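# Commentary on secondary and tertiary structure
For reference, the chains in residue letters:
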Amino acid sequence: MNDAVENKAIGLKEQLLENDRKFQETGCYAGITELKYREEDPLRYESLHTKLRSMSIAAREMARSISASPGVREVGEMVVALYTPEGDAISLSTGIMVHVHTMSRFIKWMIQNGYEDSPGICPGDVFANNDAFIGTVQVPDVMVVIPIFHNDELVGWAGTVAHELEVGGITPGGDVYLAQERFTEGLFVCAEKVGEKDELRRDYLIRLERNLRMPIYWMFDDKAKLAANLELRDQVKELIDDVGLDYYKRATREFIEEGRRAQLSKVQQLMVPGRYRGHTFYGHLTEGKPGILPLGDENLLYSIPLELDVGGDGHMHLDFEGTGSWGYHSMNCTPAGMDGGLFVTLTQSMNFEGKVNDGAWLATDMNLPSGTWTNPDRHTVATATSWALLLPAFGIFQRLLSRGFVSRGFKEEAFVGQVNSPMVEMGGQSQYGSQFGMAMFECSAAGSGALGIKDGIDNGYVGWNPESDMGNMEVWEQGIPMLYLGRSIAADSGGPGSNRGGTAFTSLWLVHNTDEVTIATSEHSSRVYDNAGMCGGYPAPTAHRHFTVRDSNIQQLIGEQKPLPHTLGKDPYTSDFDRLVEGEKKEVEGPHIDKPLKAGDLFAHSYNGGGGYGDPIERDPLDIVRDVENGYVTPEIAQRTHAVVLEHDEERNAWRVNSEATEARRKEVRNNRLNKAMHVKDWIASERERVLEKDFVTEVHKMYQDTMSISSQFANEFREFWQLPENFTM
Amino acid sequence: MKKTTPLVLGIDAGGTMTDTILVDKQGNFAVGKAPTTPNYESEGFIESAQDATNIWNLDINKTFEELEVALYSGTGMLNTLLSRTGKRIGLIVTRGMEDAVLMGRGLQSWAGYSYEDRLHAVTHAHPDPLVPLSRVRGVTERIDHFGQVVIPAYEHEAVSGVKELLEQDIEGLCVCCMYSHVNPEHELQIGEAARRVFAEQDIDIPIYLSHHVRPIIREQSRLNSTLIEAYATSQGREQLLGVETAAKQHGFSNSMQTMLSYGGLADVRYPRLHETMISGPVGGLLGARHVGELVGADSVIVSDMGGTSFDIGAITRGKVPIEDEPTLARFKLNLPTLAMDTIGAGGGTIVKVDPYTHKVSLGPESAGSVPGPVAMDMGGTEPTIADCDAIMGRLNPDNFLGGKVQLNVDKAKQVLKEKVADPLGVDVYEAAEGMVNMLEMEAKSSIESIISSRGVDPGEYHLMAYGGSGPLHMAEYSRGLGFKGVLSFPFAAAFSAFGCTTADYLHRHSQSVHIMTGPDSSDKDREEARRQINEIWSELDSQARSELISEGHETDAIVCEPFAMMRYTGQLEDVEVAAPVTKLESDEDLDKLTQAFEDLYEQINRSVSGYGTAGFTIMELGLNARVEKVKPELSRRPLGSKNPDPEAAKGKRSMYYNRAWHEAQLWEMDMLKPGNVLEGPAIVEHPATTLVIPAGDRVRVDEWTILHYEHGEDTQNSVGNVL
């Protein structure tokens, strides 16, 4: 008898509980203590896994070709996965890996909430969800799943998720920054049955048509997701006919258990056991912005500490104790979203080969303190831009892993990694004369953090999708009433280091063929670095400033064939808007919430680069010459931060290093550092005075007030570290 | 002299060897081989052709006079691109796009990677640009996606940009403007300005306008195509014309053909030669499909190991997947291509051990044909895989290239000992096998990667192994992968060339459009749509016909098959719909076209994803112009004895395999007959290739004289012996 094959007589809910019980009891997924099928016939076993993964990949490719959304077609914001009846991921395509486990939560939620009885789970049914408290990250991440029945038995689920470009929120786009509670985030589909008999219900499609600014994206994407699921379902059913149902059930569970074991082994191989700690901060600058409601009308600073415990058995425990409370803003995250962040980071650093599935997730766990932004205790909290805090949080995780890799000698695996990449969202009147809404997913190709052995990836990485890309401008322009005047490397956007952080790019647009376009960008840390460097590397600068010129004289400039702005320029003090254009100029810090633009206006936005690795003054001067000549680094930063002395050859328009002067300059920098250095004990003593006096700016003071009140553990540790009186409070 | 009438000559010039296949009307093959002569490819071409004609004792001039078709496909242009040894190009783009040469597409940092490496982000890296930023200039201009001029081109910037680029001694100028495929006005204007500057300075260098090279949406892909055309094809074109001249000097009266990436033949004067750059592997795919149809193996993984590279592709149920946006040398293109993957691994691959760290590595450099492996004694100083094979007795030192080259095994041994074995502290034979196994493991993992990324179930597929080095290493790179069957061919070395001979003349012409019809379209709109479609198809028809006629084809032989790239309005991906009629005479014909789209769409994407109420948009109109060509036949003979004829036996030789010496039976490939079974340890020799069968494995010859490689149940996996 196949002991891992569930009893058909019991319901799904009982099956789910039974699986959990077996996991608790044996420590192995679904009580699978030996990988019997793998041992008996490894070729057959591997062949099944290969087929299932291939089916998911092929289904995703099909769905991408159906989609109307450049987010999906052009930059691949989609993932397809196959699940067990209880909702555990067996195999998955590439793409936005973050959603593999969020979809798992959605399936489990339906089971736990009695969907078998009502609304019923029948062959041909289609379920959809974008409620993060049920299982997704944010409203635009709309998932569609279908049950897979073999004869009368539910044997699994096929699920597909895509990031929608327009969700009908208070401002156009998908990541609706201005949502301060659930009620303005856009259209919610809360674990609903949206289709029957393999078709989407007409009333669901009507609801989409009537509640979205640009329904075609979501509608075609849902059709694409359903088509992908049906394709996967039908192929899986055929495969079950070939291999037999019992074999399928046991083998697919063995895949997950193997994935769990592989994750543990990988941790044992790559990491040094012990306790790792990291920290980052996130600045939120919104006070007084148009549309901010009284409850959320303040600037905030978020403290995000992370403690990672690596056990000798390879188990990892992440603890966010000490982080801040949820707030009236859109950056809160649900446990489902945090799962997503964990999963996508694991798939990029450890869980990328062999059985990539929920096993890796089972080999890790997290403490997400209730009431914090990681686990809000109220489901009406907004999560529309949860990536704002999520990415910095898992950026720490990536750096902690990298510390482990470096300690163990795997320097080539060290990756300062993920960064925040704020998105431009817009809507209004399109160039076709109709209404439109769009999230510009070109943000999916920021600069990565540096690596242990080389520079970060320039314009080619974001944490949520390792298959990062920015797409073609000619494709984006078909969906927006704006023309690119330029898309250029954003100088100095990568953190300096002996290995430089990857740089991002700046887009500059001329608004065209419209009387009204509203631009709303998603949140990103302002004034505070949210992704650090490593081993002496600097963090990447924050890039959250937006530039507009209204009522510009661009037509006059064009008529006179005068130079136009194509980038913000390489002078940090004077932008090309300032130098070249006349009109009503504005620089907005923090999210861009402002009155609409019209044809002839200009808008510029930069994405984010990654942190550096190693001391910037150890960077090879010849690499810096290459950086300067190609616009990755300005001569100013090269000389100031990297301490190289460069000389410009006007005739050849080339740069060269003055080696002797560089050596001397670097020596001087080292000496300056030594002169400036003080004993840690002295520094702590002086800072302690400031802490005792609560000598902080408002945001820092409020941050400590919040974190000390929400976490007694943090408060105690804080007092202990600074040797404060027991009754000390903020 | 043999009484045969040669019909088709196919030549495939690889990085190392130039392979020839000569096919006669009865379906007999003669395989010729000669080292590739990269500087004057025509020399290697004639030598290789001579090698083939010698086998049948034919006079080379008479053969060329009688030949109906000669086709030549080479990897010269691809190698130019891979080794970054192309022309010094200058580039003018829409101002603001200059950084595109560095930024590329984000996806170029991972495209073509395996599933694992796609996830494992630390492996991602952009390809090196073909043009440095210092040779890029912007011209202020903008055209929107409707084709309207929004910012007229600043001609003075074009003039100064061209002058600055000329100061940098450019050898070619590329121009790529936004939406030039919709309205080429600005590219033409910049091109004219450049010509005037050239004339003033008395400079004659080519200008490549992106809308001429590839008039398709997606500026980055268009830019890549244009740059590659300019960077890598001009030397290639001279070589092709040189090959044709050489053939004509020997009496050939037609024009030389070459192979396009989508599997058609084109005259060597074809204006968009970058479309031929992945043609070598394509030949193998076409050959595999042709053979597969004959022998009932319609799902095939092809694997071609030559001297420089290892190419892998998949044919599923007779269909070769077409990739619309393939990557070429990691650059994204908009060029329909028969899907293939390539890694740098072949007989000429150089093996290295770092003298300090003792890190062992393979290639990707190849010794090529010049200087070639050490054992060829032509000046090679770095040990290669072929040297390892010679040291292990797997290659016959007296019969390399049919005995034309005497291998100096002692020299190879000495170099391998000094550069690899001694630094590692191992025996020279152990070192040789370790390196060979490393190569085989790389090849195997690239097959595994195609299995994983293309959704292939090996149990339903045959593996075809060919190329000069394929049969030498196939035993290990195919072991344990679970294929339905593993096949090779007596003419394995020239299989790609053979594949090219199975192709038709096929040119594809297309034009970007934006034609919408939908439920709300008025009769007038529909009539206008039909008018536009008919007009473009008709223009393309005359363009295609005149191109083929100029290549010497008869008007009557040309068949033009129009197509439309269609989508539901709002979508971003097209489906290529073959036109149900060549001209839309009536309103019903327009319905027939949309119906054909819906039928095909449903077949590809399932009916649930259809959305007729959104209307239909045609993004591109095109046609495939085809002229059928004579094709070679394989001859089928009854199965005979299991034992080869005694004259096929060539004695025995010691062969090192699995860390031991074995007495291998030697066989002559061309003497094998249908029904023969060869048990390992054995080596089957052919002037152009060598098949190695380790102990425990065997090879069966079928009625088509195809070789079926069968792995023994218990044979030790030699790949475990990696250093």
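Bear in mind that the values here come from a model prediction, so they are computed numbers and not experimental data.

Another point: the overall build of chain B. Across its full length, chain B holds 18 helices and 34 strands. Taking 723 residues into account, the globule formula puts the C-alpha radius of gyration at 27 Å, and chain B, at 27 Å, falls close to it. The principal-axis extents of the C-alpha atoms in chain B amount to approximately 80 × 55 × 55 Å. Looking at chain B as a whole, 56% of its 723 residues qualify as buried. For chain B, contacts bridging at least 24 residues in sequence account for 68% of all contacts bridging at least 6.

A separate point is the overall build of chain A. Counting its secondary structure elements, chain A contains 22 helices and 21 strands. A compact globule built from 730 residues would reach a C-alpha radius of gyration of about 27 Å, and chain A, at 26 Å, matches this within 12%. Projected onto the principal axes, the alpha-carbon positions of chain A cover approximately 80 × 65 × 55 Å. Buried residues in chain A amount to 59% of all 730 residues. Summarising the internal contacts of chain A: among those between residues at least 6 apart in sequence, 75% fall at separations of at least 24.

In this model, helix H10 (residues 245-270) of chain A (26 residues) spans 37 Å end to end at C-alpha, consistent with the 38 Å of a helix rising 1.5 Å per residue. Counting buried positions along H10(A) gives 19 out of 26 residues, so the element sits mostly inside the fold.

Here the focus is the packing of helix H11 (residues 335-349) of chain A against helix H13 (residues 387-407) of chain A. Residues and elements named next belong to chain A. Where H11 contacts H13, the two axes come as close as 10 Å, and the packing angle between them is 35°. Relative to H13, H11 is oriented so that their crossing is right-handed. Listed contacts from H13 to Gly337, Gly341, Leu342, Thr345 and Ser349 of H11 are Leu390, Ala393, Phe394, Phe397, Gln398 and Leu401. Residues of the contact of H11 with H13, tallied by class, amount to six nonpolar, five polar and no charged.

One widely used convention gives an interface's size as the accessible area the parts lose upon coming together. All names here are of chain A. Per the domain assignment, the segments making up chain A are domain 1 (12-260), domain 2 (416-613), domain 3 (617-676) and domain 4 (680-721). Computed from C-alpha atoms alone, the centre-to-centre distance between domain 2 and domain 3 is 27 Å. Each partner contributes to the interface: domain 2 provides eleven residues, whereas domain 3 provides ten residues. For the side of domain 2 that touches domain 3, the class distribution of residues is three nonpolar, four polar and four charged.

Below, the discussion takes up the confidence of the model for chain A. Scored by pLDDT, chain A comes out at a mean of 93, with 98% of its residues at no less than 70. Residue range residues 1-7 of chain A is modelled with pLDDT below 50. Its contacts to residues more than four positions away, or to other chains, number twelve contacts.

What follows concerns the domain arrangement of chain B. The domain boundaries assigned to chain B delineate domain 1 (349-389 + 397-426) and domain 2 (505-627). Once you take the C-alpha centre of each, domain 1 of chain B and domain 2 of chain B turn out to be 55 Å apart.

With that settled, the discussion passes to the pairing of strand S28 (residues 649-657) of chain B. Looking down a regular strand, the side chains alternate between one sheet face and the other. Residues and elements named next belong to chain B. Here S28 runs beside strand S29 (residues 660-668); their pairing, made up of seven bridges, is antiparallel. Of the residues in S29, the one forming a bridge with Met655 is His662. Between S28 and S29, which pair antiparallel and follow one another directly, the connecting turn spans two residues, one of which, Asn658, has a positive phi of 55°.

Attention shifts here to the interface of chain A and chain B. Between chain A and chain B, the residue contacts involve 73 residues of the former and 54 residues of the latter. Residue assignment for the side of chain A that touches chain B shows that the elements contributing at least two residues are helix H3 (42-66), helix H4 (70-73), helix H9 (215-243), H11, helix H14 (473-476), strand S14 (482-489) and strand S15 (505-511) of chain A. With twelve residues, H3(A) is the single largest residue contributor to the side of chain A that touches chain B. Residue classes in the side of chain A that touches chain B are distributed as 33 nonpolar, 23 polar and 17 charged.

Residue and element names in this part refer to chain B. By the element assignment, Arg479 lies in the loop between helix H15 (470-477) and strand S23 (485-488). For Arg479, a count of 20 C-beta atoms within 10 Å gives the class buried. The spatial distance from the C-alpha of Arg479 to the C-alpha of Pro632 is 31 Å, given a sequence separation of 153 residues.

This brings us to the sheet that holds strand S12 (residues 424-429) of chain A. Residues and elements named next belong to chain A. Read across the open sheet, the three strands follow the order S13-S12-S16; overall the sheet is antiparallel. In this open sheet, the two strands that pair with only one neighbour each are strand S13 (435-440) and strand S16 (517-521). Between one strand and the next, the sheet's axes are offset by a mean angle of 15°, whatever the strand orientation. Of the pairings in the sheet, the one linking S12 to S16 comprises five bridges and is antiparallel in character. Across the sheet, residue Met426 finds its bridge partner in S16, namely Ile519.

Let's shift gears to the packing of helix H1 (residues 12-26) of chain A against helix H5 (residues 98-112) of chain A. All names here are of chain A. Close contact between H1 and H5 brings their axes to 8 Å; oriented N to C, the two are set at 120°. As far as their axial angle goes, H5 and H1 are oblique. In this structure, H1 meets H5 at a crossing whose hand is left-handed. On H5, the residues that touch Leu12, Lys13 and Leu16 of H1 are Lys108, Ile111 and Gln112. Grouping the constituent residues of the contact of H1 with H5 by class yields three nonpolar, one polar and two charged.

All names here are of chain B. In terms of burial, strand S2 (residues 17-24) is largely enclosed, as eight of its eight residues are buried. Across the two faces of S2 the burial is the same, with Met17, Asp19, Ile21 and Val23 and Thr18, Thr20, Leu22 and Asp24 all buried. One ladder, built from seven bridges, connects strand S1 (residues 6-13) with S2; its direction is antiparallel. Bridged to Val8 within S2 is Val23. Hairpin geometry of S1 and S2 is characterised by an intervening segment of three residues between the two adjacent antiparallel strands. Alignment of S2 against strand S3 (residues 29-35), held across seven bridges, turns out to be antiparallel.

Here the bond from Ser118(A) into Pro119(A) is cis, since omega is 5°, no more than 30 degrees from zero. Its location among the elements puts Pro119(A) in helix H6 (residues 116-120). Put simply, Gly680(B) and Pro681(B) share a cis peptide bond, and its omega is 0°. On the secondary structure map, Pro681(B) appears in the loop between strand S30 (677-679) and strand S31 (682-685). With phi around 50°, Ala30(A) is a residue other than glycine that occupies positive phi space. When you line up the elements, Ala30(A) lands in the loop between H1 and helix H2 (36-40). The phi dihedral of Asp492(A) falls on the positive side, at around 65°, and the residue is not glycine. With respect to the helices and strands, the residue Asp492(A) is situated in the loop between S14 and S15. Look at Asp492(A) and you get buried, because 24 C-beta atoms sit within 10 Å.

This next bit is on the sheet that holds strand S19 (residues 602-606) of chain A. All names here are of chain A. Across the sheet, which stays open at both edges, the five strands sit in the order S14-S15-S19-S17-S18 with antiparallel pairing between neighbours. Each edge of the sheet is formed by a strand with only one pairing partner; in this case those strands are S14 and strand S18 (584-589). Averaged over all adjacent pairs, the angle separating strand axes in this sheet is 15°, with direction ignored. Alignment of S15 against S19, held across five bridges, turns out to be antiparallel. When the sheet's bridge partners are listed, Trp509 is paired in S19 with Phe603.

This paragraph deals with the confidence of the model for chain B. Chain-level statistics for chain B give a pLDDT mean of 89 and a share of 96% at 70 or above. For this predicted complex, the interface score ipTM comes out at 0.93, while the overall pTM is 0.86.

Moving on, we get to helix H7 (residues 185-201) of chain B. All names here are of chain B. Between its first and last C-alpha atoms H7 spans 25 Å; for 17 residues at 1.5 Å apiece the expected length is 24 Å, and the two agree. Those residues of H7 lying buried are His186, Glu187, Ile190, Gly191, Ala193 and Ala194. For H7, the angular spread of buried residues about the axis comes to 160°, placing them on one side. Away from its buried face by more than 90 degrees, H7 exposes Ala199 and Glu200. Of the residues one or two after H7, Asp202 is the one with positive phi, at around 55°.

Residue and element names in this part refer to chain B. Along the chain, Ala493 turns up in the loop between S23 and helix H16 (495-501). For the pair formed by Ala493 and Glu710, sequence separation is 217 residues and the distance between their alpha carbons is 20 Å. Excluding residues within four positions of it along the chain, Ala493 makes contact with Asp19, Val31, Lys33, Gly467, Gly468, Ala688 and Thr689.

How each quantity is defined
- Residues numbered from 1 in each chain as written.
- Chains lettered and ligands numbered in written order.
- Predicted model: local features only at pLDDT ≥ 70, side-chain atom pairs only at ≥ 80, totals over all residues.
- Helix = DSSP H or I, 4+ residues; strand = E, 2+ residues; numbered from the N terminus.
- Rg over C-alpha atoms; globule rule 2.2 N^0.38 Å.
- Buried ≥ 20, exposed ≤ 12 C-beta atoms within 10 Å, placed from the backbone.
- Contact = placed C-beta atoms within 7 Å.
- Expected span 1.5 Å × (residues − 1).
- Axes fitted to C-alpha atoms, helices over the stretch in contact; angles between N-to-C directions.
- Left-handed = near helix turned anticlockwise from the far one by under 90°.
- Nonpolar A, V, L, I, M, F, W, Y, C, P; charged D, E, K, R; others polar.
- Domains from an automatic or database assignment.
- pLDDT = per-residue confidence, 0-100.
- Pairing = 2+ DSSP bridges.
- Parallel < 35°, antiparallel > 145°, perpendicular 65-115°, else oblique.
- Arc of directions from axis to C-beta.

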